[in-house]
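Listed below, chain by chain, are the residues.
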Amino acid sequence: MQIAFIAHDRKKDEMVNFVTAYEQAFTGCQLYSTGTTGQRIMEATNLKIHRFMSGPLGGDQQIGALVAENELDLIIFLRDPLMAQPHEPDITALLRICDVQGIPVATNVATAEILVKALMRGDFAWRELVHKYKPGLETDE
Ligand SMILES: O=C(CO)COP(=O)(O)O
């Protein structure tokens, strides 16, 4: 499974606690994150995460590109609903492409807990078929 972690600054402690609590569930998955979120998680766990750029510098868009190519199965994005973000358009675009592609995205820890328990239960197994039989990038021909 391919999973991305993103957390706004005031949600990073919550993200670290959550991923630490469910580290076993994420072990063996291909993990991605925005810059600082990934750094914080790797400092607290044994997980190896591919860190993209910091969210405000383009990291959200890089993760959005993976979603657009159906290369992500789950996103845990702990947003701060009480703090305006300078890169709000990037955040909106990322959530939009998740809806376009039908990718599960948790924007709070309650939803994240439900989705990670589904992951542990095997409810995401169908995504393995998507990766196996995914058509190549669409071309004009
Ligand atoms: O701002 C973010 C997502 O919108 C998070 O980015 P960082 O993980 O680099 O702090």
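If you're wondering where the values come from, they're calculated on a predicted model, not measured in any experiment. (Residues numbered from 1 in each chain as written. Predicted model: local features only at pLDDT ≥ 70, side-chain atom pairs only at ≥ 80, totals over all residues. Heavy atoms only, no water.)

Caption draft 1: Focus on the overall build of the protein. Check the secondary structure of the protein and you find seven helices and five strands. The helix and strand sequence of the protein, counted from the amino end, reads β-α-α-β-α-β-α-β-α-β-α-α. Here the protein has a C-alpha radius of gyration of 15 Å; the compact-globule value for 141 residues is 14 Å, and the two agree. Across its three principal axes, the protein shows a C-alpha extent of roughly 45 × 35 × 25 Å. Scored against the burial criterion, the 141 residues of the protein give a buried share of 45%. In the protein, once contacts between residues fewer than 6 apart in sequence are set aside, the share between residues at least 24 apart is 69%. Working note: accessible area of the protein is about 7,700 Å², and carbon and sulfur atoms make up 54% of it. (Helix = DSSP H or I, 4+ residues; strand = E, 2+ residues; numbered from the N terminus. Rg over C-alpha atoms; globule rule 2.2 N^0.38 Å. Buried < 20%, exposed > 50% of the residue type's maximum accessible area, 1.4 Å probe, protein only. Contact = heavy atoms within 4.5 Å. Areas by Shrake-Rupley, 256 points an atom, 1.4 Å probe, with all protein chains shown as cover.)

Caption draft 2: The arrangement of the packing of aromatic side chains in detail. Evaluated as defined, the whole model comprises four aromatic pairs. Ring centres 6.4 Å apart and planes at 55° place the aromatic pair phenylalanine 18 and phenylalanine 26 in the tilted group. Owing to a relative accessible area of 1%, phenylalanine 26 belongs among the buried residues under this scheme. (Phe/Tyr/Trp six-rings, centres within 6.5 Å; stacked < 30°, edge-to-face > 60°.)

Caption draft 3: Summary view of the side chain of glutamine 2. Mapping glutamine 2 onto the fold places it in strand β1 (residues 2–7). Given a relative accessible area of 12%, glutamine 2 falls into the buried group. Apart from the residues within four sequence positions on either side, glutamine 2 is in contact with Gln30, Tyr32, Glu71, Leu72, Asp73, Leu74 and His131.

Caption draft 4: Summary view of the site of the ligand. The ligand sits among 16 residues. The nearest are Lys12, Thr34, Thr37, Asp60 and His87. Here threonine 37 contributes a side-chain N or O atom positioned 2.6 Å from an oxygen atom of the ligand. For the ligand, whose unbound accessible area comes to 310 Å², protein coverage reaches 95%. Residue assignment for the shell around the ligand shows that the elements contributing at least two residues are β1 and α3 (35–44). In terms of residue count, the dominant contributor to the shell around the ligand is α3 (three residues). Along the lines of polarity and charge, the residues of the shell around the ligand split into five nonpolar, eight polar and three charged. (Near = heavy atom within 4 Å. Polar contact = N/O pair within 3.5 Å; in protein donor to acceptor, adjacent residues only side chain to side chain. Nonpolar A, V, L, I, M, F, W, Y, C, P; charged D, E, K, R; others polar.)

Caption draft 5: Spatial organisation of the sheet that holds strand β2 (residues 30–33). Pairing within the open sheet is parallel, and its five strands lie in the order β3-β2-β1-β4-β5. With partners counted over all chains shown, the strands left at the sheet margins are β3 (49–51) and β5 (105–106), one partner each. With three bridges joining them, β2 and β3 adopt parallel strand pairing. Across the sheet, the residue bridging to serine 33 is arginine 51, located in β3. The sheet strands contacting helix α4 (residues 59–68) are β1, β2 and β4 (74–78), and the helix crosses β1 at an angle near 155°. Together, β1, β4 and β5 form the strand contacts of helix α5 (residues 88–101), whose direction differs from that of β4 by roughly 150°. (Pairing = 2+ DSSP bridges. Axes fitted to C-alpha atoms, helices over the stretch in contact; angles between N-to-C directions.)

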